[in-house]
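Listed below are the residues making up each chain.
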2 protein chains.
Amino acid sequence: MTSETDKPDAVDGYLAQWATERPDLDVSPMAIIGRVSRLAALLQVRLDAVFAEYDLQAWEFDVMATLVRAGSPHELSPGSLDRSMMITSGTTTHRITKLEQRGFVTRRRDEDDKRVVHVMLTDAGRMVFDAAQVAHLENERRILEPLSEQHRAMLVNSLRALSGALGDDSDATGAVQKHKSA
Amino acid sequence: MTSETDKPDAVDGYLAQWATERPDLDVSPMAIIGRVSRLAALLQVRLDAVFAEYDLQAWEFDVMATLVRAGSPHELSPGSLDRSMMITSGTTTHRITKLEQRGFVTRRRDEDDKRVVHVMLTDAGRMVFDAAQVAHLENERRILEPLSEQHRAMLVNSLRALSGALGDDSDATGAVQKHKSA
DNA sequence: TGCCAATCTCTTGATGTCAAGATAACTATT
DNA sequence: AATAGTTATCTTGACATCAAGAGATTGGCA
């Protein structure tokens, strides 16, 4: 089931401990799910280090990336940001306020629908983001550099399959319904 | 590079947006790193739902799992828990205190070295954990059920390769040095 | 037209986490 | 012994996040 060719990692260590302590249990799903969770945490540390060089938090980069990705004029409503970033509306308010204080985004009320706010990236925000993004992508490339082309292709394919198992299709804007298990 | 056989997921959507907005940038690393991060968040929601059925937070399950995994007599020092769980000592203190209040663990000072504390799972804690773990593993199996055996094997192998790229070898007890790149 | 339900943003209070440092206990060297 | 450095745990203050709901605005339907 698991290849013997690769060096055992920390999750292999966990699995071995469980095999000793609870040999009656089948803990094999952890080989996938536990690894995804652990790898995400390890990756985050590496990504944060580069964001810090630009005096940015990962969540600040995230907000700005979402605005840039949206295309010109690089503005979205708080509600759209909620859904894109898998966070609650209170968190979005907080993030926008902080970024506004730093001069990276501005708030503007919609004229037609006065409930709506438009969050727009400022020139200063765009400049910081563009610089950070280049470094961020270099960092990501550096992290993946030890992987063979075959391993990268396998990762993309199998991770996409896992996305499918989780129902994360391409028109899922990012929203996640908590405690609503289909 | 990326297979065309699988249904596009949300990350494919992001990549397409970047291809439109910044065609000059090579954002292909996101196909792996972005997916791992997103999948971890999506998985966490699914795992939390089952923990909630046992009135447990994921971090409570984590602490108890670490103690059980350690083997009889199911006790570890706070420092060991820090390192196993990739959290800071302050967080560990808080977690132990909360679990102690719920009667799931006890603190005991070491007789020989009075700096040291032993955190031990209580019978009540062990009973709750054992029940939750069975449900948790069932949940993980259910999540992975849509995946073919081939996809699962690919996932394990390629994720382990990514562990290797991140230097997460089997004697990495869980400790992560922040901002100490190489 | 007037009102009710839906929509959108923001507020509040609680919680888990971290960084930095305080406190206590041990160890090695003199 | 005495002291300095090391180790282990806990404390403090700041902060990002969430759940729940408040406040404001809009749109549909009587």
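Higher on the page you've got the structure.
Here is what the cut-offs are and how they apply
- Numbering of residues starts from 1 in every chain and runs along the sequence as written.
- Chain letters start at A and ligand numbers start at 1, both assigned in the order the entries are written.
- Residue-level local features of this predicted model are given only where pLDDT is at least 70; pairs of side-chain atoms are given and counted only at 80 or more, and the full residue set underlies all totals for whole chains, interfaces and linings.
- In computing side-chain properties, one takes all heavy atoms of the structure into account and sets aside hydrogens as well as water.
- The contact definition used throughout considers only heavy atoms, calling two residues in contact when any of these lie within 4.5 Å.
- Put simply, buried area is the surface a 1.4 Å probe can reach on two separate parts but cannot reach once they are joined, added for both.
- The salt bridge criterion pairs a side-chain nitrogen of Lys or Arg with a carboxyl oxygen of Asp or Glu, the two atoms within 4 Å.
- Here a helix means four or more residues in a row that DSSP labels H or I, a strand means two or more in a row labelled E, and each is numbered from the N terminus.
- Classification used: nonpolar for Ala, Val, Leu, Ile, Met, Phe, Trp, Tyr, Cys and Pro, charged for Asp, Glu, Lys and Arg, polar for all others including Gly.
- To get an axis, fit a line to the C-alpha atoms, keeping to the stretch in contact for a helix; angles then go from 0 to 180 degrees between the N-to-C directions.
- Any angle that falls under 35 degrees is termed roughly parallel, while one over 145 is termed roughly antiparallel, one within 65 to 115 roughly perpendicular, and all others oblique.
- Handedness of a crossing follows from how the near helix is turned relative to the far one, being left-handed for an anticlockwise turn of less than a right angle and right-handed for a clockwise one.
- Proximity is defined per residue: if any heavy atom of the residue lies within 4 Å of a molecule or strand, that residue is considered near it.
- We define a polar contact as two N or O atoms separated by no more than 3.5 Å, with the added condition that, inside protein, one atom must be a possible hydrogen donor and the other a possible acceptor, whereas residues neighbouring each other in sequence contribute only through side-chain atom pairs.
- The atoms used to superpose the copies are C-alpha atoms, taken from residues with pLDDT of at least 70 in both, and the fit is least squares.
- The criterion for an aromatic pair is that two Phe, Tyr or Trp rings (for Trp, the six-membered ring) have centres within 6.5 Å, with stacked assigned to planes under 30 degrees apart, edge-to-face to planes over 60 apart and tilted to the rest.
- Here the term buried applies to any residue with accessible area under 20% of the maximum for its type, exposed to any over 50%, and partly exposed to those in between, with areas from a 1.4 Å probe on protein chains only.
- Remark: a charge is flagged as sitting over a ring if the NZ atom of Lys or the CZ atom of Arg is within 6 Å of the ring centre and within 35 degrees of the ring normal.
- When DSSP finds at least two bridges between two strands, those strands are taken to pair.

Participant: Before we go on, may I ask you to explain the interface of chain B and chain A in this structure?
Facilitator: How big an interface is tends to be stated in terms of the accessible area lost upon association of its parts. In this assembly, 83 residues from chain B lie in contact with 83 residues from chain A. Overall, the association of chain B and chain A removes approximately 8100 Å² of surface from exposure, summing both partners, and the carbon and sulfur fraction of that is 68%. Ionic pairing is found between Arg22(B) and Asp130(A), a salt bridge with its closest N-O pair at 3.5 Å. Element by element, the count of residues in the side of chain B that touches chain A is highest for helix H2 (residues 30-53) of chain B, at 19 residues. Tallied by class, the residues present in the side of chain B that touches chain A amount to 43 nonpolar, 18 polar and 22 charged.

Participant: Just to check I follow, could you spell out the packing of helix H1 (residues 10-21) of chain A against helix H2 (residues 30-53) of chain A for this structure?
Facilitator: Each pair of packed helices can be described by the angle between their axes along with the distance between the axes. All names here are of chain A. Between H1 and H2, the shortest axis-to-axis distance is 10 Å and the interhelical angle comes to 135°. The angle between H1 and H2 falls in the class oblique. Seen along the crossing, H1 lies across H2 with a hand that is right-handed. Contacts between H1 and H2 pair Ala10, Val11, Asp12, Tyr14, Leu15 and Trp18 from the former with Met30, Ala31, Gly34, Arg35 and Arg38 from the latter. Class assignment for the residues of the contact of H1 with H2 results in seven nonpolar, one polar and three charged.

Participant: What am I meant to see in the protein's contact with DNA strand D here?
Facilitator: Taken together, 23 residues lie near DNA strand D, and Thr91(A), His94(A), Arg95(A), Gly79(B) and Ser89(B) sit nearest. Sugar plus phosphate: this is where 78% of the atoms of DNA strand D within 4 Å of the protein reside. Between a phosphate oxygen of DNA strand D and a main-chain N or O atom of Val117(B), the distance comes to 3.5 Å. Sorting the residues of the surface near DNA strand D by element identifies helix H5 (89-101) of chain A together with helix H4 (78-85) and helix H5 (89-101) of chain B as the ones contributing at least two each. Considering each element in turn, the surface near DNA strand D owes the most residues, four residues, to H5(A). Grouping the constituent residues of the surface near DNA strand D by class yields six nonpolar, eight polar and nine charged.

Participant: Explain the relation of the copies chain B and chain A to me, please; I cannot follow it from the model alone.
Facilitator: Both copies of the chain are placed relative to one another by a rotation about an axis and a shift along it. The transform that puts chain B on chain A rotates by 180° and translates by 0.0 Å along the axis, for an RMSD of 0.0 Å. Taken together, the turn and the small shift mark the pair as related by a two-fold rotation axis. The share of interface residues of chain B whose copies in chain A are also at the interface is 100%, consistent with both copies meeting through the same surface.

Participant: Explain the packing of aromatic side chains to me, please; I cannot follow it from the model alone.
Facilitator: A ring pair, where both rings are aromatic, is described by two values, the distance of the centres and the angle of the planes. A complete count under the given rule lists six aromatic pairs over all chains for this structure. With a centroid separation of 6.2 Å and an interplanar angle of 10°, the aromatic rings of Trp18(A) and Phe129(B) are classed as stacked. Residue Trp18(A) is located in helix H1, and its partner Phe129(B) is located in helix H6 (residues 123-144); the two belong to separate chains. Residue class for Trp18(A) comes out buried when judged on its relative accessible area of 3%. Ring-pair connections join several aromatic residues into one group, and the members of that group are Trp18(A), Phe51(B), Phe61(B) and Phe129(B). Across the ring face of Tyr14(A), the terminal group of Arg69(B) is positioned such that the distance to the ring centre comes to 3.9 Å.

Participant: Explanation requested: the sheet that holds strand S1 (residues 75-76) of chain A in the structure shown.
Facilitator: Where strands meet in a sheet, backbone hydrogen bonds hold them as pairs that are either parallel or antiparallel. Residue and element names in this part refer to chain A. Read across the sheet, three strands follow the order S1-S3-S2 without closing on themselves; strand pairing throughout is antiparallel. Every interior strand has two partners, whereas the edge strands, S1 and strand S2 (105-109), have only one. The sheet contact formed by S1 and strand S3 (residues 117-121) spans two bridges and is antiparallel. Bridged to Leu76 within S3 is Val119. Docked against the sheet, H5 engages S2 and S3, running at close to 115° with respect to S2.

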